[in-house]
Amino acid sequence: MEDMEMEVAPVSSEPSVIVVSESGSSTEEEDVPMQVQGPSERPRLSARRVVRRRHIGQIGSHSQFSTHEGRIRRLRELIVENLAERLSGSQDAQRSVPRVNPPPLDPEPSSSRTAAAANVATSDESSATEAEETRAAAQPDESQRETEPVSESEDPVTAAASPAGETEADEGEGETCSICFEPWTTAGDHRLAALRCGHLFGYICISRWLTSGGNKCPQCNKAAKRGHIIFLYARKLKALDNAEEVRLKSRLELEQGSRRMEQLEVAQCRQQMQLMVDENVRLRKEVEELRRWKAQAAFGGSSQGASLPSSQRQDSSSGGHYVFSKAVLVSQTGGSRVLSYCEPLGCLLASQPSPQATLVPGFGVKKISTATLKPSQYVPIHSKQIRGLAFSRHQDSLLLSAALDNTIKLTSLMTNTVVQAYNTGRPVWSCSWCHDNNNYIYAGLASGSVLVYDTRDTSTHVQELAPLRSSCPVVSLSYIPRAASSMFPCGGLIAGTLEGGCFWEHMEGTTYTPHILPLESGNCTDIQVEPDSRHCLVTYRPGRANPSLRCVLMELSRTPQTDSSQRPVCSCSPVQTFIAGSSCKLLTKNAVFKSPAGEGATLVCAGDEATNSTMVWDAGTGALLQKMPADLPVLDICPFGVNQSSYLASLTEKMLKVYKWE
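All values reported here derive from a predicted model rather than from experimental measurement.

Caption draft 1: Structural context of the overall build of the protein chain. In terms of helices and strands, the protein chain carries 10 helices and 34 strands. Counting every position in the protein chain, which comprises 662 residues, the buried fraction comes to 41%. Residue pairs in contact within the protein chain that sit at least 24 positions apart in sequence constitute 48% of those at least 6 positions apart. As displayed, the protein chain offers around 35900 Å² of accessible surface, 51% of which is attributable to carbon and sulfur atoms.

Caption draft 2: Highlighting the packing of aromatic side chains. A full pass over the atoms with the stated rule returns nine aromatic pairs. Both rings, one in Y203 and one in F231, keep their centres 5.0 Å apart while their planes meet at 45°; by these two values the pair is tilted. Here the residue Y203 occupies a position in helix α7 (residues 203–211), and F231 occupies one in strand β6 (residues 230–231), the gap between them amounting to 28 residues. For Y203, a relative accessible area of 23% translates into the label partly exposed. With relative accessibility at 33%, the residue F231 sits in the partly exposed group. Look at Y322 and W661: their rings are 4.9 Å apart centre to centre, the planes differ by 80°, and that puts the pair in the edge-to-face class. Here W661 lies in strand β34 (residues 655–661) and Y322 lies in strand β7 (residues 322–329), a separation of 339 residues in the sequence. Take Y322: its relative accessible area is 4%, and that puts it in the buried class. In this structure W661 comes out as buried when scored by relative accessible area, which is 13%.

Caption draft 3: Quick peek at the confidence of the model for the protein chain. When pLDDT is averaged across the protein chain, the result is 76; 71% of the residues are at 70 or more. Averaged pLDDT values for the elements of the protein chain fall to 36 in helix α9 (residues 303–307) and rise to 95 in strand β16 (residues 428–433). Overall, residues 55–66 carries pLDDT values under 50, and its contacts beyond four positions in sequence, including any with other chains, amount to 28 contacts. Confidence drops under a pLDDT of 50 for residues 96–169, and excluding neighbours within four residues, the segment shows 75 contacts in the predicted structure.

Caption draft 4: Molecular detail of the pairing of strand β31 (residues 624–629). Both strand β30 (residues 613–618) and β31 contribute to a ladder of five bridges, which runs antiparallel. Bridge assignment links V616 to a residue of β31, and that residue is Q626.

Caption draft 5: Region of the structure containing unusual backbone geometry. With a phi close to 65°, N406 is a non-glycine residue in the positive phi region. Its location among the elements puts N406 in the loop between β13 (398–403) and β14 (407–412). On the accessibility criterion, N406 (23% relative accessible area) is partly exposed. A positive phi angle, near 50°, is found at N612, a position not held by glycine. Relative to the elements of secondary structure, N612 occurs in the loop between β29 (602–608) and β30.

Caption draft 6: Looking closely at a nonpolar patch on the surface. Side chains of M273, V277 and V281 sit close together on the surface and give an oily, nonpolar patch of about 250 Å² of accessible area. Along the polypeptide, M273 turns up in helix α8 (residues 243–298). You can call M273 exposed: its relative accessible area is 52%.

Caption draft 7: The arrangement of the sheet that holds strand β17 (residues 440–445) in detail. Strand order across the open sheet formed by four strands is β16-β17-β18-β19, with antiparallel pairing between neighbours. Edge positions in the open sheet fall to β16 and β19 (463–465), since each of these has one partner strand only. Within this sheet the neighbouring strands show an average axis-to-axis angle of 25°, counted without direction. Two elements, β17 and strand β18 (residues 450–454), share five bridges in a ladder whose sense is antiparallel. Note on β18: the bridge partner recorded for A443 is L451.

Caption draft 8: Spotlight on the sheet that holds strand β10 (residues 363–369). Strand order in the open sheet formed by four strands is β8-β9-β10-β11, and the pairing between neighbours is antiparallel. Two strands bound the open sheet, and with one partner strand each, they are β8 (339–342) and β11 (374–382). The mean inter-strand angle of the sheet, taken between neighbouring strand axes irrespective of direction, is 30°. Bridge count for β10 against β11 is seven bridges, and the pairing is antiparallel.

Caption draft 9: Structural context of the environment of L232. Checked against the element boundaries, L232 lands in the loop between β6 and α8. With relative accessibility at 27%, the residue L232 sits in the partly exposed group. Not counting chain neighbours up to four residues away, the residues in contact with L232 comprise L192, A193, A194 and L200.

Caption draft 10: Quick peek at the environment of H435. With respect to the element layout, H435 can be found in the loop between β16 and β17. Residue class for H435 comes out partly exposed when judged on its relative accessible area of 21%. Separated by 43 residues in sequence, H435 and S478 place their C-alpha atoms 9.9 Å apart.

Caption draft 11: Region of interest: the pattern of salt bridges. Applying the stated criterion across every chain, the model contains 10 salt bridges. Here E286 makes a salt bridge to R282, at a shortest N to O gap of 2.7 Å. Of this pair, E286 and R282 both sit in helix α8, four residues apart, which is roughly one turn of that helix. Look at E286 and you get partly exposed, because its relative accessible area is 27%. For D532, the salt bridge is made with K594, and the minimal N-O distance between the two is 3.4 Å. Taken together, the residues D532 in the loop between β24 (524–530) and β25 (535–540) and K594 in strand β28 (residues 591–594) connect sequence positions 62 residues apart. For the pair shown, D532 and K594 are each scored as exposed. Residues joined by salt bridges that share partners form a network here, namely E279, R282 and E286.

Basis of the calculations
- Here the residue numbers are simple positions, counted from 1 along each chain's written sequence.
- At least 70 in pLDDT is required for a residue's local features to be given in this predicted model, at least 80 for side-chain atom pairs to be given and counted, and no such filter applies to totals for whole chains, interfaces and linings, which use all residues.
- Hydrogens and water are ignored here; the side-chain numbers use all heavy atoms of the structure.
- Helical segments are the DSSP runs of H or I of at least four residues, strand segments are the runs of E of at least two, and each set is numbered from the N terminus.
- For the exposure calls, accessible area comes from a 1.4 Å probe over protein chains only, and a residue counts as buried if that area is under 20% of its type's maximum, exposed if over 50%, partly exposed in between.
- In what follows, residue pairs with any heavy atoms lying within 4.5 Å of each other are defined as contacts.
- A 1.4 Å probe and the Shrake-Rupley method give the accessible areas. Residues count as covered only by the protein chains that appear here.
- Side-chain rings of Phe, Tyr and Trp, where Trp is taken by its six-membered ring, are said to pair if the distance between their centres is within 6.5 Å; with planes under 30 degrees apart they count as stacked, over 60 as edge-to-face, and otherwise as tilted.
- The pLDDT value tells you how sure the predictor is about a given residue, anywhere from 0 up to 100.
- Two strands pair under a simple rule: DSSP has to find at least two bridges between them.
- Candidate patch residues must exceed 30% relative accessible area and have no salt bridge, after which like charges are joined if within 9 Å and Val, Leu, Ile, Met, Phe, Trp or Tyr side chains if within 5 Å.
- When a carboxyl oxygen of Asp or Glu is within 4 Å of a side-chain nitrogen of Lys or Arg, the pair counts as a salt bridge.
- Here an angle of 0 to 180 degrees is reported between the N-to-C directions of two axes, which are lines fitted to C-alpha atoms, with helices fitted over the stretch in contact.

Written as structure tokens, this is what we have:
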């Protein structure tokens, strides 16, 4: 093969191609102008440069440098010149072609392999072998050059191959059209447009694509047409990376959920703690009671009484306790509310809704015989719920009832018929008889007023006792008869409301003088009176200051009259306080009465909603004597006696339980 001579053309701005003649006498460089229209032209330019590099290696192998070192030195010079030419060509290309990552070059493009095959066909086997040795010698220098750090003066194409160049190219991908790789504009034919799938293009590019027969998005292949193109009015698009924000928000929601669960657990723990505090208070009282009895036993009292629990100890000292006798079903559907005892007829009366609501609608009372403890008869009276029942001490078998149907009625239990009805105009919550004059009855209204009726006048009330404070419903009425007592010689009516209580002193005829009782405001639910001892039992529901149900036994008193012009003042003072459970949703009625054991003892009974039980205390010592369980909250309590035996009846919404004193 003849020696090949190489002429290096001056560096021009346009890409060039080196053509090797078949004679091998010389190598001519032809300037082939090439228009860069898109990314498909750049691989051709790179392929031509690879071919030229390989031909240069072959030419160098047949040059006048016969020695190996001379060939290496000449090859380095050619590489420097080639780099200078590439630098000039790339700078020109950057003016017209957007800067993107060059596609990976094929180590042996088809055009290079074709040109090399033509050149090898004109050479002999020895020349090919020598060219291979030359290329093998040049490879270490090229690899060494590639591993050297890239400086600011190096080729931009080489710098683009580095990771920094790749990052810049990735950042530029969001600013160029994926069809022509040209930056889109904010106006004109190549303005920013998008398809329904969300991919962005230059308007003219995507319009031509869809017009020329393409019916899919060039990137995701989703169906598209020209009518789907929309313009986007944005100078520069950038997608904010909010993955960390979304993750933090999800974690925040989880934390908030866990915090709510913890707050719920804290609230439950606080409620349990409050119950434990109440139980602790009760146990402390029992311990104090035991210590007191122990101290009394040390001074000669009964050691047996000191060693027993408070309930059994009180039973032994008082001579008995209550024993469950029988349970009577009053109403299968519920609705029972109040309870009363008719001594002349020997029966208990419990209010309830009509058992035959379709035939006889409304509410009435059910008779329960105290001799057999069996229900006997239902008596219809009112159209709405009954809230109060009362008997006269002199009018045998005449029942006074108050209901929410704006009426009070007098019913004869001998004939089971209503003999008199009064329209109050407002719902009635309580009622009572006047025990000093049997002709008068009282009705406590929901507005806070108390109406006075004369049974001899069937038209309307004879007097109205207006509320002194707020207009709260009168939940209880109790009349105290006059008695020759130095402590409290006057008689009158005690009206209990949700805001407190008032004693209406009965002077003469229909004249009443009000006395505000010093009770707690806002939590009073019931006031019951024991007329012989002049004690009244005031019930307070749980509140913020006192979280438990309290029954306060108070003693009525009257200031002595020092001047005839000044009227005496009636008041009351607390004697003993009894603590029950922490729940009181219903307006229950409690009882204070003389103990069946005698000896002047007084018992206090109250229903405990927290435990669904009836609690019995000794009013003198404040000790809890018994706690009798019930299936539902106890609504009313009534003591009675039959055949020289004492009983206690507790009413729930459905059942009546009777206990006998033994």
